[in-house]
Amino acid sequence: MAKGLRPLDPDRAEQAKSALVTLSRQTPELFKTHAKDPTSEALPLIWENWDDFLKKNEATVRAAQAVDTKTLGGLQQSLIQLGATCLDCHEKYRKIKN
Ligand code: HEC
């Protein structure tokens, strides 16, 4: 939808937004336990900077809540802003920086 490949459907966009908000709120819970899986891309720095990790996650939750599902231009712009918050955390706390 955001790519303009299909028409903006505000109901579906609203559903996807809601899922993003719910899932991003759950992120800290998923990281409470220190990762031991050798394939994990989570950097140990997460548990040394837990408060900062929470702060970065909060920025993602807020950006997800702010996703504009009303117009194509608004949707594209707000998804760019959301993506920047994902990257902000990945750059510091994930082995793969994207
Ligand atoms: C607060 C930090 C943080 C935020 C915010 C965050 N991520 Fe991540 N993300 C991680 C970490 C850490 C990993 C690595 C997890 C692992 O491999 O155990 C990860 C992994 C991923 C993966 C790979 C999952 C897998 O199964 O390998 C995807 C996809 C992803 N993030 C997408 C996103 C998107 C999209 C957003 C924004 C809407 C986002 N992330 C926001 C920290 C974050």
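Quick caveat: nothing in here was measured; it's all calculated off a predicted structure. (Residues numbered from 1 in each chain as written. Predicted model: local features only at pLDDT ≥ 70, side-chain atom pairs only at ≥ 80, totals over all residues. Heavy atoms only, no water.)

**Focus on the coordination of the iron atom of the ligand**
Right, so step 1: On the protein, His90 (NE2) is the one donor atom to the iron atom of the ligand, at 2.0 Å.
Right, so step 2: One can find His90 in helix 4 (residues 72-93). (Donors = N, O, S within 2.8 Å, 3.2 Å for Na, K, Ca; no water. Helix = DSSP H or I, 4+ residues; strand = E, 2+ residues; numbered from the N terminus.)

**Quick word on the site of the ligand**
Right, so step 1: Near the ligand lie 13 residues; those nearest to it are Ser40, Glu41, Cys86, Cys89 and His90.
Right, so step 2: With respect to the ligand, the side chain of Ser40 contributes an N or O atom lying 2.8 Å from an oxygen atom.
Right, so step 3: Here the ligand occupies the largest pocket.
Right, so step 4: Considering every element that reaches the shell around the ligand, the biggest residue donor is helix 4, with 4 residues.
Right, so step 5: Looking at the shell around the ligand residue by residue, the classes come out as 7 nonpolar, 4 polar and 2 charged. (Near = heavy atom within 4 Å. Polar contact = N/O pair within 3.5 Å; in protein donor to acceptor, adjacent residues only side chain to side chain. 1 Å grid on protein atoms, 1.4 Å probe; cavity = no way out; pocket = protein on both sides within 12 Å on 5 of 7 lines; lining within 4 Å. Sits in = over half its atoms within 2 Å of the grid points. Nonpolar A, V, L, I, M, F, W, Y, C, P; charged D, E, K, R; others polar.)

**Considerations on the packing of aromatic side chains**
Right, so step 1: With the rule as written, the count across this model stands at 3 aromatic pairs.
Right, so step 2: Relative to Tyr93, the ring of Phe53 has its centre 5.4 Å away and its plane inclined at 85°; by these criteria the two rings are edge-to-face. Of this pair, Phe53 sits in helix 3 (residues 50-65) while Tyr93 is found in helix 4, placing the two residues 40 residues apart along the sequence.
Right, so step 3: Residue class for Tyr93 comes out buried when judged on its relative accessible area of 2%. (Phe/Tyr/Trp six-rings, centres within 6.5 Å; stacked < 30°, edge-to-face > 60°. Buried < 20%, exposed > 50% of the residue type's maximum accessible area, 1.4 Å probe, protein only.)

**Quick look at the pattern of salt bridges**
Right, so step 1: Counting across every chain of the model gives 4 salt bridges.
Right, so step 2: Residues Lys92 and Asp52 are paired through a salt bridge, measuring 2.9 Å at the closest nitrogen-oxygen approach. With Lys92 in helix 4 and Asp52 in helix 3, the pair connects residues that are 40 residues apart, well separated along the chain.
Right, so step 3: The closest approach of N and O atoms between Lys56 and Asp88, which form a salt bridge, is 3.1 Å. In this pair, Lys56 is assigned in helix 3 and Asp88 in helix 4, connecting sequence segments 32 residues apart.
Right, so step 4: Judged by its relative accessible area of 14%, Lys56 falls in the buried class. (Salt bridge = Lys/Arg side-chain N within 4 Å of Asp/Glu carboxyl O.)

Keep in mind that these numbers describe shape and distance, not what the molecule does.
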